[in-house]
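# Residue-level structural notes
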Amino acid sequence: MKILHLSPYFPSTAANHAGGVCMGKQVETLQKYNQVYVLTFEASEFDRTLREKYQNDSHYYSVKITRSGRVLHMLLEPWLPNYFAARSSLRFACKLIWMVKKYQIDAIHAEYASMGQYLWIKRLFPRLVFHMTEHDMTAQSYERKLGASHGIKKWYLRYQLNRVKAAERFYCTHADRLFTFNEKDRRLIEDAYGRKDCLVLNPYYGLDDAMLEKPVSDGQRQYANLCFLGQMGRDENYLAAMRLIRIAKTVKEEIPELQVYIVGNKPPETLKEQENEWIHVTGFVEDVDSYLKQAQLAVFPLTLGAGIKLKVLRSLAAGTPVITGIVGAEGIDEAGEVIIPAETDEEYREQILNWMKRQDELSRRSEESQAFVRKHFSWKHSEEVLRSVYGETKN
C-alpha cells in the first residue's frame, strides 16, 4: 500500500518535540510494511533543520509556512477556526494533489484535527481513503481555556470553540478511520461526535520498549532536584512552569538545597527572568532525559491543554516519579496507581516535601512507574493496530 503521511510539523524520531517524535515513530512503523511518503509543514527553524537531514530522500516533501502566512490565512478563511486556518495553504494543497497523482497514493494518514481540513482531497480522488489521528480533542482544550479566561478573550474563545466543534465534528465523522491516543479521548469523541469505531494507539514518547527493560538507577539522581518538561511557547506549559516556580519558592524555605530545572524550547522572556542560582530555565536541549534522570521528581502543575501528556509518560518511563493533577494524568493514570496526585498549590507543596524525604519509597515508586508504562503503553500495541489497518504489503 502507498501511504501519504500529512503532518502540521516535521515528523522525526530524532526530533526533540513530543508530537514530532510521536509522528516520526508512526512513519517509521508504517515504512516497515508499506511505501510511505511524507508531506509536512516547516513551521519553525527546528523543522527546517530536520528537513535538511531528509533533503536527499525523495519520500519527504515539505512546505514552508511563516507566522505572517498563518495570520494571513486566519484573515482570509474566516469559515475555519483560527487554529485550523493556521495550517491552511494553497501551496500545500497543490503539492498534496501532485503527490497523490504522481505516487498513486492509496491512503492518507493525517496527524491532528488541523490536518483533517484536507479531507476534500477525497472528492478529487474517490478511491482514496483518509485516516486521521486525533492527538488530543481540540474542543476540550478550548473549553479549558474558556473556563480560565475573562472579558473579551472569553468572548473570542467561545466564538472559536463553536467553530472548532463544528469543524472537528466534520473531520472526525468523515474520516474513513479515526485513531486516538487514549481511551479517555475515544470516549469523548464518541459522546460528543457519535463516532463509535475509533481505534486507540499507544503514543510514542521517545523511549523504545527495550529501554524500559533496563533497571532504574538512582545513582544519577540528586537530592532536592525538580524537573519540568515542555514546549514553552505553548500557554499551558508556560503557565504551569510559572506556577511550579511559585510553588517551589515556598518549598525552598524548608529545603534550602532545592534546584528546579525548567526544560523546553522557546521560553518567553518573563520565564527567563525567573532564572537564578537555583531556578534554571534551559531553553532547547538535545537530551531531555539527562535532566529527568538527575531529578528526584518531575512536577507538572498543568491546568490547560487536552489529550495525553507525553512529557508525563516520558518521565514515568525514565523512572522519574511524577506529581501532577487531573489534566496531567488524564489518559495515563487517572486512578493514581503510580502518579502522585495534587491539584492546589498547597497540595503540590506538601507532596514535594513529603516525597523528597522518603528516598526508599521514591526508589520503589520509580520502579513502579517504569513497570506501569511497560505494561500499559508499549509501542508493540500500536504496531499491531497500524498493521491491522494498513496490512503487510511492502511494495
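Each value, and the rule that gives it
- Residues numbered from 1 in each chain as written.
- Predicted model: local features only at pLDDT ≥ 70, side-chain atom pairs only at ≥ 80, totals over all residues.
- Heavy atoms only, no water.
- Helix = DSSP H or I, 4+ residues; strand = E, 2+ residues; numbered from the N terminus.
- Buried < 20%, exposed > 50% of the residue type's maximum accessible area, 1.4 Å probe, protein only.
- Contact = heavy atoms within 4.5 Å.
- Areas by Shrake-Rupley, 256 points an atom, 1.4 Å probe, with all protein chains shown as cover.
- Polar contact = N/O pair within 3.5 Å; in protein donor to acceptor, adjacent residues only side chain to side chain.
- Phe/Tyr/Trp six-rings, centres within 6.5 Å; stacked < 30°, edge-to-face > 60°.
- Lys NZ or Arg CZ within 6 Å of the ring centre and 35° of its normal.
- Pairing = 2+ DSSP bridges.
- Axes fitted to C-alpha atoms, helices over the stretch in contact; angles between N-to-C directions.
- Salt bridge = Lys/Arg side-chain N within 4 Å of Asp/Glu carboxyl O.

This part is about the overall build of the chain. What the chain contains, in helices and strands, is 17 helices and 13 strands. Along the first, second and third principal axes, the C-alpha set of the chain runs to 65 × 50 × 40 Å. Here the chain holds 395 residues, and the buried ones make up 57% of them. Across the chain, contacts joining residues at least 24 apart in sequence account for 67% of those joining residues at least 6 apart. Of the roughly 17,300 Å² of accessible surface on the chain, a fraction of 51% belongs to carbon and sulfur atoms.

Of note, Lys 272 is situated in helix H11 (residues 269–272). On the basis of relative accessibility, which here comes to 35%, the residue Lys 272 falls in the partly exposed class. Here the alpha-carbon distance between Lys 272 and Asn 354, two residues 82 residues apart in the chain, equals 28 Å. Apart from the residues within four sequence positions on either side, Lys 272 is in contact with Pro 267 and Val 281. A distance of 2.9 Å separates a polar atom in the side chain of Lys 272 from a polar atom in the side chain of Glu 269.

Tracing the chain through its elements places Lys 25 in helix H1 (residues 18–30). You can call Lys 25 buried: its relative accessible area is 9%. For Lys 25, the side chain forms a polar contact with the side chain of Glu 28, separated by 2.9 Å. Those residues in contact with Lys 25, other than ones at most four positions away along the chain, are Thr 13, Tyr 204, Asp 208 and Trp 379.

Counted under the stated rule, the structure contains 20 aromatic pairs. With a centroid separation of 5.5 Å and an interplanar angle of 35°, the aromatic rings of Phe 10 and Tyr 54 are classed as tilted. Taken together, the residues span a long stretch of sequence, with Phe 10 in the loop between strand S1 (2–7) and H1 and Tyr 54 in the loop between helix H2 (45–53) and strand S3 (60–64) at a distance of 44 residues. Residue classification places Phe 10 among the buried residues on the basis of a relative accessible area of 1%. Judged by centre distance (6.3 Å) and plane angle (80°), the ring pair of Phe 170 and Tyr 171 falls under edge-to-face. Judged by its relative accessible area of 6%, Tyr 171 is buried. Among the aromatic residues, those joined into a ring-pair cluster are Tyr 37, Tyr 61, Trp 98 and Tyr 103. Residue placement shows Arg 358 over the ring face of Trp 355; its charged tip is 4.2 Å from the ring centre.

The 7 strands lie next to each other as S3-S2-S1-S4-S5-S6-S7, forming an open sheet whose pairing is parallel. The open sheet is flanked by S3 and strand S7 (199–200), the only strands paired with a single partner. As paired elements, strand S6 (residues 177–180) and S7 share 2 bridges and run parallel to each other. Residue pairing across strands places Phe 179 opposite Leu 199, the latter belonging to S7. Docked against the sheet, helix H9 (residues 183–193) engages strand S5 (129–134), S6 and S7, running at close to 135° with respect to S6.

Inspection of every chain in the model, using the stated rule, returns 21 salt bridges. Where Glu 269 meets Lys 272, a salt bridge forms, and the shortest distance between an N and an O atom there is 2.9 Å. Of this pair, Glu 269 and Lys 272 both sit in helix H11, 3 residues apart, roughly one helical turn. Between Glu 346 and Arg 349 there is a salt bridge whose closest N-O contact spans 3.7 Å. Placement of both Glu 346 and Arg 349 in helix H15 (residues 345–356) is noted, with a separation of 3 residues, approximately one turn of the helix. Among the charged side chains, a network of salt bridges with common partners joins Arg 144, Lys 184, Asp 185, Lys 309 and Glu 330.

Read from one edge to the other, the open sheet built from 6 strands follows the order S10-S9-S8-S11-S12-S13, with strand pairing classed as parallel. On the outer flanks of this sheet lie strand S10 (279–283) and strand S13 (340–341), each paired with one strand and no other. In this structure, strand S9 (residues 259–263) lies alongside S10, joined through 4 bridges in parallel fashion. Counterpart to Ile 262 in the pairing with S10 is Val 281. Relative to the sheet, helix H13 (residues 310–317) contacts strand S8 (225–229), strand S11 (297–300) and strand S12 (322–324), its axis offset from that of S11 by approximately 170°. In this fold H15 packs onto S8, S11, S12 and S13, with an angle of close to 175° to the strand it touches most, S11.

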